[in-house]
2 protein chains.
Amino acid sequence: MNADTATVRIPPCSARTVELSLGHELVIIDPEGQQVSDLVAFGRPDSAEYLSSGRSLDYASRLWLTTGDVLYSNRSRPMFTILEDTCGRHDFTLTPCSKDTFKLIYGESEGRPGCEGNLVSVLAPYGIGVDRIPVAFNVFMHVEIDATTGEFRVRPPRSNAGDFVRLRAEMPLVVAMTACSAGQSNNFRYKPIDFQVVR
Amino acid sequence: MNADTATVRIPPCSARTVELSLGHELVIIDPEGQQVSDLVAFGRPDSAEYLSSGRSLDYASRLWLTTGDVLYSNRSRPMFTILEDTCGRHDFTLTPCSKDTFKLIYGESEGRPGCEGNLVSVLAPYGIGVDRIPVAFNVFMHVEIDATTGEFRVRPPRSNAGDFVRLRAEMPLVVAMTACSAGQSNNFRYKPIDFQVVR
């Protein structure tokens, strides 16, 4: 990547958007280790096309996607190719944490917005509301599964400081990413996420 | 269930809708064994609320849902409770098969509509188009996972003739169900699905 590529920091428990054109590369970095970034993506200008977990997993025939895998839209068109992945473990089955998640899973009542609320805030200029936040590509999220019972546990990410995923945009996109707000996802140490765009 | 409850047959490679009110029960039956039904559900009258795989799996902390589990909407509200399940294995990670699935996975070129196309046809009266077909609750679908590599294979369903799932509607819903068109899902023997509504 270009040495002079600017690094943007997503502060703990917040989100950012970035617009990509075909061929742009997006590098998502875990600067401190053990932090998750929930990523959602929509076609630009037609945001009815969105990054689809169900399509992507089906075409890969694998639950965990990594270098060489393609992430597909709901219209079965490539949205991203994973060019490089120094961590190797991400989740693509769960929806972003939300105030309801915190209430139902953690018993919290203070109404923190969670990744869902943070994604909605930054996607508001694109007219994408809360009902259109799908299952996210949860970068660095480590979900351990029992293949006999199907029970899973959210474990601390396997990412170390500096681990990154490099994605190539296969169409014009608006991408929203978070520094995750869920304690389980980051070992209860809420940290930032960094990203770079190589244009 | 009521002995006089009418059984509706979904012919092979097609779909049907049914409207449910709070407390209605929907029984989905595999009449011949080894057949899958892709199920999607939307709030009624507000179809922006839909059955969410990501919410349901997260709250159950289990990849495979069965008796006693609750299926949640994208708004984290209960849509169904699974009251009874004589099969015990279903999928909730993959999107319905489509003409693109057949092309990309099977190398087919004849453009069969698949479950996606069939769901869209029956949901047209509700104004729900193809971009709003999410990951389905794939009743009787048997996806075998390698917990080390994450690789999965679609196996023939574990359902025998007469196996069923009984769901209670926890809000007013429009539900669309298929008799699945994907060969892998039903051991390449395309069969019907039956259902009953207990009002």
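Residues numbered from 1 in each chain as written. Chains lettered and ligands numbered in written order. Predicted model: local features only at pLDDT ≥ 70, side-chain atom pairs only at ≥ 80, totals over all residues. Heavy atoms only, no water.

Thoughts on the overall build of chain A
- Looking only at helices and strands, chain A features three helices and twelve strands.
- A compact globule built from 199 residues should have a C-alpha radius of gyration of about 16 Å, and chain A, at 16 Å, falls within 12% of that.
- By the burial criterion, 59% of the 199 residues in chain A qualify as buried.
- Pairs at least 24 apart in sequence give 76% of the contacts found in chain A among residues at least 6 apart.
- Charge-centre separation for chain A: the mean point of 20 positive side chains lies 1 Å from the mean point of 24 negative side chains. (Helix = DSSP H or I, 4+ residues; strand = E, 2+ residues; numbered from the N terminus. Rg over C-alpha atoms; globule rule 2.2 N^0.38 Å. Buried < 20%, exposed > 50% of the residue type's maximum accessible area, 1.4 Å probe, protein only. Contact = heavy atoms within 4.5 Å. Lys, Arg positive; Asp, Glu negative; His and termini not counted. Charge placed at Lys NZ, Arg CZ, Asp CG, Glu CD.)

Comments concerning the pairing of strand β3 (residues 25–30) of chain A
Residues and elements named next belong to chain A.
- Along β3, six of the six residues are buried, which leaves the element largely enclosed by surrounding structure.
- Burial along β3 is two-sided: the residues Glu 25, Val 27 and Ile 29 and Leu 26, Ile 28 and Asp 30 are all buried.
- Relative to strand β10 (residues 163–169), β3 is paired through six bridges, and the arrangement is antiparallel. Within β10, the residue paired with Ile 29 across the bridge is Phe 164. (Pairing = 2+ DSSP bridges.)

Here we look at the relation of the copies chain B and chain A
- Least-squares fitting of chain B to chain A yields an RMSD of 0.0 Å, with the transformation described by 0.0 Å of translation along the axis and a rotation of 180 degrees. The relationship between the two copies is best expressed as a two-fold rotation axis. In terms of C-alpha distance to the rotation axis, chain B has Ala 147 of chain B as its closest residue, with the C-alpha 2.7 Å off the axis.
- The fraction of interface residues of chain B whose copies in chain A are also interface residues reaches 100%, indicating that both copies meet through the same surface. (Least-squares fit on C-alpha atoms with pLDDT ≥ 70 in both.)

Considerations on the UniProt feature "domain: DUF1989" (unreviewed entry) in chain A
- Mapped onto this numbering, the UniProt entry annotates "domain: DUF1989" (unreviewed entry) at residues 9–174 of chain A.
- Here residues 9–174 of chain A is 16% helix and 32% strand, with 18 Å between the C-alpha atoms at its ends. (UniProt positions renumbered as here; feature names shortened; annotations may be inferred.)

Focus: the interface of chain B and chain A
- Listed per partner, the contact involves 39 residues of chain B and 39 residues of chain A.
- Taken over both partners, the interface formed by chain B and chain A buries close to 3200 Å², and the fraction arising from carbon and sulfur atoms is 54%.
- The largest share of the area that chain B buries against chain A comes from Arg 55, Asp 131 and Phe 152 of chain B, three residues that together contribute 18% of it.
- Run the count over chain B and chain A and you get four salt bridges.
- The interface formed by chain B and chain A holds 18 residue pairs in polar contact (both at pLDDT 80 or more) in total.
- Those elements that provide at least two residues to the side of chain B that touches chain A are α1 (53–60) and α2 (99–106) of chain B.
- Counting residues per element, the side of chain B that touches chain A draws most heavily on α1 of chain B, at six residues.
- Here the residues of the side of chain B that touches chain A sort into 17 nonpolar, 13 polar and nine charged. (Buried area = accessible area lost by both parts, 1.4 Å probe. Salt bridge = Lys/Arg side-chain N within 4 Å of Asp/Glu carboxyl O. Polar contact = N/O pair within 3.5 Å; in protein donor to acceptor, adjacent residues only side chain to side chain. Nonpolar A, V, L, I, M, F, W, Y, C, P; charged D, E, K, R; others polar.)

Some words on the nonpolar core
- Within the largest apolar cluster, 90 residues are counted, with the highest numbers of intra-cluster contacts made by Leu 26, Leu 39 and Phe 80 of chain A together with Leu 26, Leu 39 and Phe 80 of chain B.
- With twelve residues, the next largest nonpolar core counts Val 40, Val 122, Leu 123 and Val 174 of chain A among its residues. (Core = buried A, V, L, I, M, F, W, Y, C linked by side-chain atoms within 4.5 Å.)

Concerning the packing of aromatic side chains
Residue and element names in this part refer to chain A.
- The tally for this structure, following the rule as stated, stands at eight aromatic pairs over all chains.
- Seen from their ring centres, Phe 92 and Phe 137 are 5.1 Å apart, and the 65 degrees between their planes marks the pair as edge-to-face. Within this pair, whereas Phe 92 is found in the loop between β6 (78–85) and α2 (99–106), its partner Phe 137 is found in strand β7 (residues 137–139), the two being separated by 45 residues in sequence. Residues Phe 92 and Phe 137 agree in their burial class; the two are buried. (Phe/Tyr/Trp six-rings, centres within 6.5 Å; stacked < 30°, edge-to-face > 60°.)

A few points about the sheet that holds strand β10 (residues 163–169) of chain B
Residue and element names in this part refer to chain B.
- An order of β1-β12-β3-β10-β6-β5 is seen for the six strands of this open sheet, with the pairing classed as antiparallel. The sheet is open, and its two borders are formed by β1 (7–10) and β5 (70–72), each paired with just one other strand. On average, each strand axis in the sheet is inclined to that of its neighbour by 25 degrees, with strand direction left out of account. (Axes fitted to C-alpha atoms, helices over the stretch in contact; angles between N-to-C directions.)

Points about the sheet that holds β6 of chain A
Residue and element names in this part refer to chain A.
- The strand order across the open sheet built from six strands is β1-β12-β3-β10-β6-β5, with neighbouring strands paired in antiparallel fashion. Unpaired on one side and paired on the other, β1 (8–10) and β5 (70–72) mark the two borders of the sheet. Pairs of neighbouring strands in the sheet enclose a mean axial angle of 25 degrees, with direction left out of account.
- For β5 and β6, the ladder comprises three bridges, and the chain directions are antiparallel. Of the residues in β6, the one forming a bridge with Val 70 is Thr 81.

Quick word on helix α3 (residues 114–123) of chain A
- The buried fraction of α3 of chain A amounts to seven of the ten residues, a majority that puts the element mostly inside the structure.
- Among all positions of α3 of chain A, only Gly 114, Cys 115, Glu 116, Asn 118, Leu 119, Val 122 and Leu 123 of chain A are buried.

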